[in-house]
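# Geometric and topological summary
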Amino acid sequence: MTGDRRMFSALHRLFLNGRLRDVARGDDEWFGPPLSAQWLPFKEALSSDAPDGENMKRWQSVLRGITRTAGIIFGSRRYQVRFDAGYDENYRHTTSPGVIVVSTEPVKRPPPGFSFHDAVDAMVGQVIHEAAHLHERREDESGLAEDEIMSVLRHLAEDVIIDAIVAMQYPGFEGYLLKYRRYFIDWKLRNQWSFQAEGRLKQLVLSVRSTLPAKINRWTVRHAYLYLLYILSKHQTVEQLRKINRTELAAQLYAILYDARHAEHWRDPDVLSESLVLGAEGPPVAGDGGNNRGGLRVNPLTLHTLRQLHRQTFEWSDVDKFVSEQKVRKTNGKATAITKRWSDAYRHRTAPVENKQALTPEGRGLLRKWEEERRSPLQGDATYDYRTMLSLVPLHAQAADRYRSAVSAVRSQIVRLRKQLACANTKNGRDIVFLQSGDLDEEALYRAKFATDLFRRPNDSFRRLTPMDMVLLIDASRSMREPLPDGSVPKYVAAQRLAALFVEALEPLESVRTWAFSFSSFERNVEIRELYSPGIHADKTRIGDLYPENQTPEYEALLAVVRHVQNVSGFGVRKS
Amino acid sequence: MRDNDTFLLPGFYIPREKLKIIEDFLFSGFHVMLAGNPGCGKTEFGQVWAASRGIPVHKVNCGAIRSPRDWFGRHEFREGTGTVFVPTKFLEMLERPGLIILDEINRTTPDNHNPIMNILDGNREVYVEELGRYVRVHDGTIFLATRNTGRQHTGTFHLDHALEDRFQEVRLELPPEEVIAQIILAKYSIPSEHAETIARLTVKLNDMYDEEMLSKAMGMRPAFAAAALVQKGNSLDAALRYAFVNRYSGEGGPESEQALVMQTIQGLVKRT
């Protein structure tokens, strides 16, 4: 398939026909069977018959499976994924580099008709989308923080671009992105948070991001929507899409939306649909993915194509004039192209920070309300209710070195403990322990002359151990940065060494599984980081990542870890 | 990219610089050890290269060498003649100009390497008891060895350092995506977009191995298997699943390697 056709297909599914088919033929046919069902067999999904512990174990496994989808696209260990059960209250776009917050809300509160696999699809879509934000972010948007509208428009532009990029690189993941939008835009934003198409900005957001028909009654919104499609179709490779300046695009959208000439151009509410863009005949696409109209040959979706297909849509504007016009200015004999931007006619309104007259008071109020809804969870309430978050942090580049350093600091103790505990692996256990010569001091040797049984003493503690899980919980709060009383090393370094000793010394014991977690709290969250667990993801170097920050919530951490280990570890011990 | 730039050897991809280095080693009297992930063409390189240069070639399957004397021949009982010594092709080739490929050299135990130590060093000769004479290695005889290393290769042994030292190691890599697609299209008549998807998946899975997301590296064999299935009329999705997924472990359910490969295939194959 050529780049053009691929591009057209992406737009076709992501932003155009899907919504109409959705209405005409019903959800099931459009979304098809859940994508996650292919890699998440039903027996692996949660079941009401299974005990809670087993379900928790499966759930952890599903979450890891979801997390890895972003790794397929953007590489492993580049992101930390935090699963947040309280999306409504806590969700925010984190500014921490490399952190993705993913809500488990779709599973907790699925909309009518959503199966477990549908919910997983929505979560996968969110992981992919948020990871794409981190991966594809090109410009510093801090300058827009003060301007709500520009900030939303910029985010919208980025949303559209990154979805197009992902769909171009991984066409099979389109379905995840749509399912994500179906849940978070259509179910949460529109349905539960009452984000209705009231003002121009909301209309544009919904027209672009919703997977259901959006009612549009503003010409400016239609124009901005078409302009977005035009920009997408003009950039037909991933590299070209990446080069789009999102802030500039947001400014252009702003100019189109709030231009005084068109602000009052109302018309009856209508459904923004393919017929608006492509005319009654629809796009010239055939095959299963299309609508079986027209031949096999398809043209890329360009402004020219759009105009040819439905001229009336564009008659009101001077679009072509601005696009095609290119004058040349001669200065000192040199010809310089005077590039006319598509939105140059509106650019007197593109410095919006101090100039919001185009926004009606009603629109501004709605925007503010929406913004408040978006941000209110951060303010918290009077109760002091901790939420625990179990996270698996990506490895720091120096983690392995730090871990090696910790091991080398306690190597002699590791060797000694391993020797002393080695007999626990023997089938029958040992009653007699021969003391190591290095363990004896002169006094002991002196006594040994008169007490030969010292060398052959029975030691019941070395009998074969009952299978057990041993958990080390390490305080990772800021106070751990303080030095030890002897001033040699910070407390967290000592804790790191202890963790290394704990894991390494007990590693050869078949009957003991070791776990290590660190805990700290931030605001109302207790963050428990898995430093080591004996499963298939056992990675001791993660211990090297222990770094102290924030506060100390011992009780909550202890409770959460006990529950986690109880749930994750089953009967019998199987070490990887 | 022109074909003759891509394929310096017929149907085989190797970067120009790497090919020159290997040839310069071989023609300067050094032995070459080809390393690389399974399916990257280590053995095939020797055969294709020798054929393209018109050099006689003999491949020794080192995994089949079970005792030191297996290098040189075996005793057979023949009626009327009694027990006779039947020399190996390897022994014959030593005295003739040509390329000897010591395939999978680390699949025989280190003690079995002892008889060839003198062959591969400056002496270039070995005393064969059964023949009652020294066999001198011809000046035009060159040696190319291949090996797979790593814990995942069971049945392999560490090479003795002295033997390892006799070789110059060159690592072969998986070809670039577009070259894999070309190779597939040269072997199988399938739609080019299918070949591109298979090539993309092959490279993607190999990248994921490099990033430690998967435990096995990816070679060309699964790609050929998938292309063969497509050529036989199977859907691309089914071909990819059968050719690639079962190579990985299914342990771990949704977080297993099989699930990860399934997700990758899902991403690369567009839904219809």
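Residues numbered from 1 in each chain as written. Chains lettered and ligands numbered in written order. Predicted model: local features only at pLDDT ≥ 70, side-chain atom pairs only at ≥ 80, totals over all residues. Heavy atoms only, no water.

## Topic: the overall build of chain B
Our working definition: Only runs of H or I of at least four residues qualify as helices and only runs of E of at least two qualify as strands under DSSP, and these elements are numbered from the N terminus. Note on exposure labels: buried denotes an accessible area under 20% of the residue type's maximum, exposed denotes more than 50%, and partly exposed covers the range between, all computed with a 1.4 Å probe on protein chains only. The contact criterion used is simple: two residues touch if any of their non-hydrogen atoms lie within 4.5 Å. Each accessible area is a Shrake-Rupley result for a 1.4 Å probe, and residues are judged covered by the shown protein chains and nothing else.
A count of helical and extended segments in chain B gives 11 helices and 9 strands. Burial status across chain B gives 50% buried among its 272 residues. A separation of at least 24 residues holds for 67% of the contacts in chain B among residues at least 6 apart in sequence. Surface exposure of chain B reaches about 13,000 Å², of which carbon and sulfur atoms provide 48%.

## Examining unusual backbone geometry
Residue and element names in this part refer to chain B. The phi torsion at Glu 104 lies on the positive side, around 50 degrees, for a residue other than glycine. Among the secondary structure elements, Glu 104 is positioned in the loop between β5 (98–103) and α5 (114–120). Of note, Arg 124 is a non-glycine position whose phi angle comes to about 50 degrees, a positive value. Checked against the element boundaries, Arg 124 lands in the loop between α5 and β6 (125–128).

## Here we look at the environment of Leu 232 of chain A
Residue position: Leu 232 of chain A is located in helix α10 (residues 219–234). The buried category is assigned to Leu 232 of chain A, whose relative accessible area is 1%.

## Section: the pattern of salt bridges
The condition is simple: Should a side-chain nitrogen of Lys or Arg be within 4 Å of a carboxyl oxygen of Asp or Glu, the pair is scored as a salt bridge.
In this structure the tally under the stated criterion is 32 salt bridges over all chains. Glu 255 of chain B is paired through a salt bridge with Arg 64 of chain A; the nearest N and O atoms lie 3.5 Å apart. Of this pair, Glu 255 of chain B sits in the loop between α10 (236–244) and α11 (257–268) while Arg 64 of chain A sits in helix α3 (residues 52–74), on two different chains. The class of Glu 255 of chain B is buried, set by a relative accessible area of 10%. Notably, a salt bridge pairs Lys 179 of chain A with Asp 121 of chain A, separated by 3.0 Å at the nearest N-O pair. Here Lys 179 of chain A, found in helix α8 (residues 174–192), pairs with Asp 121 of chain A, found in helix α6 (residues 116–136); they are 58 residues apart in sequence, far enough to count as distant.

## Some thoughts on α10 of chain B
Listing the buried residues of α10 of chain B in full gives Leu 236, Ala 238, Ala 239, Leu 240, Ala 243 and Phe 244 of chain B. Taken together, the buried residues of α10 of chain B touch α8 (192–210), α9 (221–231) and α11 of chain B.

## A few points about the nonpolar core
Basically, it comes down to this: The nonpolar core is taken to be a set of buried Ala, Val, Leu, Ile, Met, Phe, Trp, Tyr and Cys residues, with the residues joined through side-chain atoms within 4.5 Å.
Within the largest apolar cluster, 68 residues are counted, with the highest numbers of intra-cluster contacts made by Trp 39 and Ile 66 of chain A together with Ile 184, Ile 198, Leu 205, Leu 240 and Phe 244 of chain B. With 8 residues, α3 of chain A is the single largest residue contributor to this core. If you look at the next biggest cluster of nonpolar residues, it comprises 40 residues, including Leu 228, Leu 241, Ala 251 and Tyr 258 of chain A.

## A short note on the packing of aromatic side chains
Within a pair of aromatic rings, the relevant descriptors are the distance that separates the centres and the angle that separates the planes. Residue and element names in this part refer to chain A. Let me state the cut-off plainly: Working definition: a ring pair exists when centres of Phe, Tyr or Trp rings (six-membered ring for Trp) sit within 6.5 Å. Plane angles under 30 degrees give stacked, over 60 give edge-to-face, the rest tilted.
Counting across every chain of the model gives 14 aromatic pairs over all chains. Measuring from ring centre to ring centre gives 5.2 Å for Tyr 180 and Phe 184, while their planes differ by 50 degrees; the resulting arrangement is tilted. Taken together, the residues Tyr 180 and Phe 184, both in helix α8 and 4 residues apart, mark about one turn of the helix. Taking the relative accessible area as the measure of exposure, Tyr 180 reaches 11% and is therefore buried. Judged by relative accessible area, Phe 184 falls into the buried class, the value being 5%.

## A look at the sheet that holds strand β9 (residues 167–171) of chain B
Strand pairing in a sheet relies on backbone hydrogen bonds, with the paired strands running either antiparallel or parallel. Residue and element names in this part refer to chain B. To keep it simple, the criterion reads: Strand pairing is defined by DSSP finding a minimum of two bridges between the two strands. Every angle, taken between N-to-C directions, lies between 0 and 180 degrees, and every axis is a line fitted to C-alpha atoms, over only the stretch in contact when it is a helix.
A sheet is described by the order of its strands in space; here 5 strands give the open sequence β2-β5-β8-β1-β9, paired in parallel fashion. Every other strand in the sheet has two partners, leaving β2 (57–61) and β9 as the edge strands with one partner each. Here the strands of the sheet are splayed against their neighbours by 25 degrees on average, with no regard to which way each runs. Packed on one face of the sheet, helix α2 (residues 16–27) meets β1 (31–35), β8 (141–146) and β9 and runs near 170 degrees to β9. Across the sheet, helix α3 (residues 42–53) touches β1, β2, β5 and β8, and the angle it forms with β5 is around 170 degrees.

## Notes on a negative patch on the surface
Residue and element names in this part refer to chain B. Put simply, the test is: By definition, no residue in a patch forms a salt bridge, and every one has over 30% relative accessible area; like charges are joined within 9 Å, nonpolar side chains (Val, Leu, Ile, Met, Phe, Trp, Tyr) within 5 Å. The charged-residue count follows a simple rule in which Lys and Arg add positive charge and Asp and Glu add negative charge, with His and chain termini not counted at all. Taken as the charge location is NZ of Lys, CZ of Arg, CG of Asp or CD of Glu.
A contiguous patch of negative charge on the surface is contributed by Glu 177, Glu 178, Glu 193 and Glu 196. Within the residue set of the negative patch, elements represented by two or more residues are α7 (177–187) and α8. Within the fold, Glu 193 resides in helix α8.

## A few points about the packing of helix α7 (residues 148–169) of chain A against helix α9 (residues 200–209) of chain A
All names here are of chain A. In plain terms, the rule: Angle categories are assigned with fixed cut-offs, so that under 35 degrees is roughly parallel, over 145 is roughly antiparallel, 65 to 115 is roughly perpendicular, and the rest are oblique. As a working rule, the residues Ala, Val, Leu, Ile, Met, Phe, Trp, Tyr, Cys and Pro are called nonpolar, Asp, Glu, Lys and Arg charged, and the rest polar, with Gly in that last group.
The contact between α7 and α9 brings their axes to 11 Å, and the two run at 10 degrees. One element, α7, and the other, α9, form an angle in the roughly parallel class. Packed against α7, whose contacting residues are Ile 149, Val 152, Leu 153, Leu 156, Asp 159, Val 160 and Asp 163, the element α9 presents Leu 201, Leu 204, Val 205, Val 208 and Arg 209 at the interface. Of the residues in the contact of α7 with α9, the class split is 9 nonpolar, no polar and 3 charged.

## Brief notes about the packing of α9 of chain A against α10 of chain A
All names here are of chain A. Defined as follows: The sense of a crossing depends on the near helix, which, turned anticlockwise from the far helix by less than a right angle, makes the crossing left-handed and, turned clockwise, makes it right-handed.
Taken N-terminus to C-terminus, the directions of α9 and α10 make an angle of 40 degrees; their axes are 9 Å apart at the nearest point. With respect to α10, the axis of α9 lies oblique. Both α9 and α10 take part in a crossing whose hand is right-handed. Touching Arg 200, Gln 203, Leu 204, Ser 207 and Val 208 of α9 are Thr 220, Val 221, Ala 224, Tyr 225 and Leu 228, all from α10.

## Overview of the pairing of strand β3 (residues 73–78) of chain B
Residue and element names in this part refer to chain B. Alignment of β3 against strand β4 (residues 82–87), held across 6 bridges, turns out to be antiparallel. Across the sheet, the residue bridging to Glu 76 is Val 84, located in β4. Between β3 and β4, which pair antiparallel in sequence order, lie 3 residues; one of them, Gly 80, sits at a positive phi of approximately 85 degrees.

## Describing helix α21 (residues 491–506) of chain A
It helps to recall that an α-helix has 3.6 residues per turn; residues three or four apart then point in one direction. What counts here: By this rule, a helix spans an expected 1.5 Å times one less than how many residues it contains.
Along its 16 residues, α21 of chain A runs 22 Å from first to last C-alpha, staying within 8% of the 22 Å computed at 1.5 Å per residue. Tyr 492, Val 493, Ala 495, Gln 496, Ala 499, Ala 500, Leu 501, Phe 502, Val 503, Glu 504, Ala 505 and Leu 506 of chain A are the residues of α21 of chain A that are buried.

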